[in-house]
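Each chain, letter by letter, is given below.
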Amino acid sequence: MTREYLTDFELMILLAVLRLGDEAYGVPIAREIETTGERVVAIGAVYAALERLEANGLVVSTIGDPTPERGGRAKRYFRVTPDGLRAVRQAQRALTRLWTGVPHLKGGRE
Amino acid sequence: MTRQAPPRLAIAILERFLPGNDPLIGDLIEAGRARSQAWFWAQVVAALIVHAFNAAAFPKRLTIESALVGTAMLGVLAFHAVVAARLLEEVLLVSAWMPRTSEASAPHWGAVAAFGFLAAIAIGRGIAVIHGSHRIRSALAVSTAATTAAFLNLCLFVPPDALTSRFVPADAGTHIAASMLFISGLFLGMTRWPARMGRRSTTAALCIVAAGLLPPAAAQVPADARFEVASIRRNTDTSLQGTGLSAPQPGGRYVAMGVTLQRLISDAYGGIETAGGPPWASRDRFNVIARGAAGGTPPDIQNMLRTLLAERFGLRVHTEARETDVFLLQPARPDRRTGPGLRATDDACAAAAARYVPSAAPSTAPPCGDFRMSANALVARGMTLGSLAGRLSGRVGRPVIDDANMPGAFDIELRWTSDSGLASIPRDSAGIGELTPDGVTLFTALQEQLGLRLVPSRAPVDVMVIDNAAPPTPD
């Protein structure tokens, strides 16, 4: 691992991959972020972030079989590595500590 | 929501610019089934942009280093490009080292070309040392920048009348050959040389280039042609018009009052037209009083004036033959009979005219070899038609070439009463108040009084191009 901290987008992607499990490839990852993260993402941006995460050893990918509905293109499935899981937990702990005791965040969401 | 097949062009673009990204393309096709083509195109553009940024910033730990190195490389390349372009322009295209003139001799040309070649090798070696594995790209950048600069210089700054056609200079072949030689030297300098000879050859080439970059003005100045005493002072009289008054004087003297540098150059180089140079060369005025050896002839004074201009103004010039609008001075009648105002001078007057040095006696009739010219008249004794053509040039505003083929000296009396067709005349010139728009023009007077005519034409005319000029050093 070459970096200590994740960007918020990388963290969202890692969480989406974890949530999707064996079905984590580009389209559902982007959809997961859009629905749960309430932000519009470009699939190209998702791939760019996934490639950075893979280069840093936080995810690994495998190529599936080509399918006709995708124009004969294969899916690329992603899986979070132990290092990736550790990075997510570290981010969770850091964020939790930061959230704790913030007066503006008490009493529910805005 | 529009359901359409994914645009083929967009997919082709992705395949071309993001090769090996089949899963991404497949994802876009899959997601695009429920989206519009606009969405698909937006995704493609985003993918290309993100990929480009990702490639530039990846890996992260090298981001800052890459940015710094890239910026430094760009700066160094830009520096090289500017230096090379300047060298190409100065050394090979416009400087006195590459004379595009009738004075240019083959040995001189060869020496200049050899110098340019060595300079290019030195630049190439510098690029190879600094840029290492990027040498080819650096060379291409330098070559392209140099060529572009030379081309822009040609298109933007060379006067149109210096070109035989819109973009092709009269000596384009020379330019192309010089450029090819320069670029060849550049690439030769960047090839991988044996380590032992690399440093020595680079040093030798740099020494040769440094020697060649020494100011060439000294080489242009004959050592023996120098005024004994010379004074050059600014003349700040703002009422002066024209180019000033100047003439060689008896006793090897040269006196000029309120003259521009262009006028001084014209005096030093036989009345030739000038071109180029800083704006003040045609604007600022000077008083010049200089004295050479007693008995100095006008040609001697000309040579001494050249030396003076080189030493005090840092003047460097070269001549170019430029195709331009001219008047040809020709006999007006088929039988070549001259008019009453043009008579062959007698032998004694012609001999006196040949050794004449002007003296200050403006109100008297001209002696043999001299002339009086006002806004509406020219009276001369012992004047050649070549000299007459030179005097007429100033009046009609374009070069006049003697095409009459009438050797010998003449006594001339020419008077006109119209300012039609004349170039601007200083408002304090004698006789200017007698000119009217409807009188006899200079062109008509030439035909009626001298039996000569001015025929519009185009011809190559030598022009003195100012390569360098600076305000004069103090006395």
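Along each chain, residue indices are assigned from 1 in the same order as the chain's sequence is written. In the order they appear in the text, chains get letters beginning with A and ligands get numbers beginning with 1. Per-residue local features are limited, in this predicted model, to residues with pLDDT of at least 70; the limit for side-chain atom pairs, both in listing and counting, is 80 or more; totals at the level of whole chains, interfaces and linings are taken over all residues. Side-chain metrics rest on all non-hydrogen atoms present in the structure, leaving aside hydrogens and water.

(A) Layout of the confidence of the model for chain B. All names here are of chain B. The score called pLDDT rates the predictor's confidence residue by residue, from a low of 0 to a high of 100. Per-residue pLDDT for chain B averages 73, and the proportion of residues at 70 or more is 65%. Numbering of helices and strands runs from the N terminus; a helix is a DSSP stretch of H or I covering at least four residues, while a strand is a stretch of E covering at least two. By mean pLDDT, helix 9 (residues 217–220) is the weakest element of chain B at 37, and helix 2 (residues 22–32) is the strongest at 89. Counted against residues more than four places away or in other chains, residues 158–170, with its pLDDT under 50, gives 17 contacts. Contact definition: two residues touch when any of their heavy atoms are within 4.5 Å. In this model, residues 211–223 is a region of pLDDT below 50 whose contacts with residues beyond four sequence positions or in other chains number 17 contacts. Of the two predicted TM-score estimates for the complex, the pTM is 0.38 and the ipTM is 0.84.

(B) Quick look at the packing of helix 1 (residues 8–20) of chain A against helix 4 (residues 82–99) of chain A. Residues and elements named next belong to chain A. Simply put, an axis is a line fit to the C-alpha atoms, just over the touching stretch for a helix, and the angle between two N-to-C directions goes from 0 to 180 degrees. Contact geometry for helix 1 and helix 4: axes closest at 10 Å, N-to-C directions at 120 degrees. On the basis of their axis angle, the class for helix 1 and helix 4 is oblique. Note on packing geometry: the crossing formed by helix 1 with helix 4 is left-handed. Residues Leu11, Leu14, Leu15 and Leu18 of helix 1 form the contact with helix 4, whose participating residues are Gly84, Leu85, Val88, Ala91 and Leu95. Partitioned by chemical class, the residues of the contact of helix 1 with helix 4 number eight nonpolar, one polar and no charged. Orientation labels follow simple angle bins: below 35 degrees gives roughly parallel, above 145 gives roughly antiparallel, 65 to 115 gives roughly perpendicular, and whatever is left gives oblique. Two helices crossing with the near one rotated counterclockwise from the far one by less than a right angle form a left-handed crossing, whereas a clockwise rotation gives a right-handed crossing. Residue type decides the class: Asp, Glu, Lys and Arg count as charged, Ala, Val, Leu, Ile, Met, Phe, Trp, Tyr, Cys and Pro as nonpolar, and the leftover types, Gly among them, as polar.

(C) Spatial organisation of the interface of chain B and chain A. Taken together, the 23 residues of chain B in the interface contact 24 residues of chain A. Values labelled buried area give the accessible surface lost by two parts on being combined, using a 1.4 Å probe and summing over both. Between chain B and chain A, the buried area comes to about 1,800 Å², and carbon and sulfur atoms account for 57% of it. Counted as salt bridges are all cases of a side-chain nitrogen of Lys or Arg within 4 Å of a carboxyl oxygen of Asp or Glu. Counting every contact that joins chain B to chain A gives four salt bridges. The set of elements that each furnish at least two residues to the side of chain B that touches chain A consists of helix 1 (8–17), helix 2 and helix 3 (37–57) of chain B. When residues in the side of chain B that touches chain A are grouped by element, the largest group, ten residues, is from helix 2 of chain B. For the side of chain B that touches chain A, a count of residues per class yields twelve nonpolar, four polar and seven charged.

(D) Focus on unusual backbone geometry. Phi at Glu38(A) takes a positive value of approximately 55 degrees, unusual for a residue other than glycine. Here Glu38(A) lies in the loop between helix 2 (26–37) and helix 3 (43–55). Its identity is not glycine, yet Arg336(B) carries a phi of approximately 60 degrees, on the positive side. Its place among the elements puts Arg336(B) in the loop between strand 6 (316–331) and strand 7 (342–344). Throughout, exposure labels follow a simple rule: accessible area from a 1.4 Å probe, protein chains only, divided by the maximum for the residue type, with under 20% read as buried, over 50% as exposed, and the rest as partly exposed. Arg336(B) sits in the partly exposed class, given a relative accessible area of 39%.

(E) How the structure looks around the side chain of Thr345(B). Summarising the element assignment, Thr345(B) is placed in the loop between strand 7 and helix 12 (347–354). Setting aside its immediate chain neighbours within four residues, Thr345(B) contacts Ala350(B), Gly382(B), Ala409(B), Phe410(B) and Asp411(B).

(F) Representation of the pattern of salt bridges within the structure. Enumeration according to the criterion identifies 19 salt bridges over all chains in this entry. With a closest N to O distance of 2.6 Å, Glu32(A) and Arg19(A) form a salt bridge. Of the two residues, Glu32(A) is situated in helix 2 and Arg19(A) in helix 1; the sequence distance between them amounts to 13 residues. We classify Arg19(A) as exposed; its relative accessible area is 59%. Salt-bridge contacts for Arg337(B) lead to Asp335(B); the nearest nitrogen and oxygen are separated by 3.8 Å. Here Asp335(B) falls in the partly exposed class, since its relative accessible area comes to 47%. By sharing partners, the salt bridges in this structure join Glu51(A), Glu54(A) and Arg76(A) into a single network.

(G) Representation of the sheet that holds strand 1 (residues 229–235) of chain B within the structure. Residues and elements named next belong to chain B. Strands were regarded as paired on the criterion that DSSP finds at least two bridges between them. Within the open sheet, the four strands sit side by side as 1-5-3-2. Their pairing is antiparallel. Of all strands in the sheet, those bounded by a partner on one side alone are strand 1 and strand 2 (245–249). For this sheet, the mean angle separating the axes of adjacent strands, direction not counted, is 10 degrees. Of the pairings in the sheet, the one linking strand 2 to strand 3 (residues 253–259) comprises five bridges and is antiparallel in character. Looking at the pairing, Pro248 lines up with Tyr254 of strand 3. Together, strand 1, strand 2, strand 3 and strand 5 (285–291) form the strand contacts of helix 11 (residues 298–312), whose direction differs from that of strand 1 by roughly 60 degrees.

(H) Inspection of the pairing of strand 9 (residues 377–384) of chain B at higher detail. Residue and element names in this part refer to chain B. Where strand 8 (residues 371–373) lies against strand 9, three bridges are found, and the strand directions are antiparallel. Among the inter-strand pairings, Arg372 is bridged to a residue of strand 9, identified as Val379. The loop that links strand 8 with its antiparallel partner strand 9 comprises three residues. Note: strand 9 against strand 11 (residues 409–415), six bridges, orientation antiparallel. Bridge pairing in strand 11 links Met383 to Phe410.

(I) The packing of aromatic side chains, seen in detail. Only the six-membered ring of Trp is used, alongside the rings of Phe and Tyr, when aromatic pairs are assigned; centres must lie within 6.5 Å, and planes under 30 degrees apart are stacked while those over 60 apart are edge-to-face, with the rest tilted. Considering all chains together, one arrives at six aromatic pairs over all chains under this definition. With centroids separated by 6.1 Å and ring planes inclined at 75 degrees, the aromatic side chains of Tyr47(A) and Phe78(A) adopt a geometry described as edge-to-face. With Tyr47(A) in helix 3 and Phe78(A) in strand 2 (residues 73–80), the pair connects residues that are 31 residues apart, well separated along the chain. Phe78(A) shares its class with Tyr47(A); the two are buried. With a centroid separation of 6.4 Å and an interplanar angle of 75 degrees, the aromatic rings of Trp280(B) and Phe286(B) are classed as edge-to-face. The burial state of Trp280(B) is the same as that of Phe286(B); both residues are buried. Joined through ring pairs, the aromatic side chains of Trp280(B), Phe286(B) and Phe313(B) make up one cluster. Above the plane of the ring of Phe286(B) lies Arg234(B), whose end atom (NZ or CZ) is 5.9 Å from the centre. Taking the ring centre of Phe327(B) as reference, the NZ or CZ of Arg398(B) above it sits at 4.5 Å. For a Lys NZ or an Arg CZ to count as sitting over a ring, it must be within 6 Å of the ring centre and within 35 degrees of the ring normal.

(J) Spatial organisation of the sheet that holds strand 7 of chain B. Residues and elements named next belong to chain B. A sheet is described by the order of its strands in space; here four strands give the open sequence 7-11-9-8, paired in antiparallel fashion. Two strands in the sheet have a free side with no partner beyond their single neighbour: strand 7 and strand 8. Sheet twist, expressed as the average angle between the axes of neighbouring strands with direction ignored, equals 15 degrees. Along the sheet face, helix 13 (residues 385–396) touches strand 7, strand 8, strand 9 and strand 11 and points at about 155 degrees away from the line of strand 9. This element, helix 14 (residues 442–450), spans strand 7 and strand 11 of the sheet and lies at about 130 degrees to strand 11.

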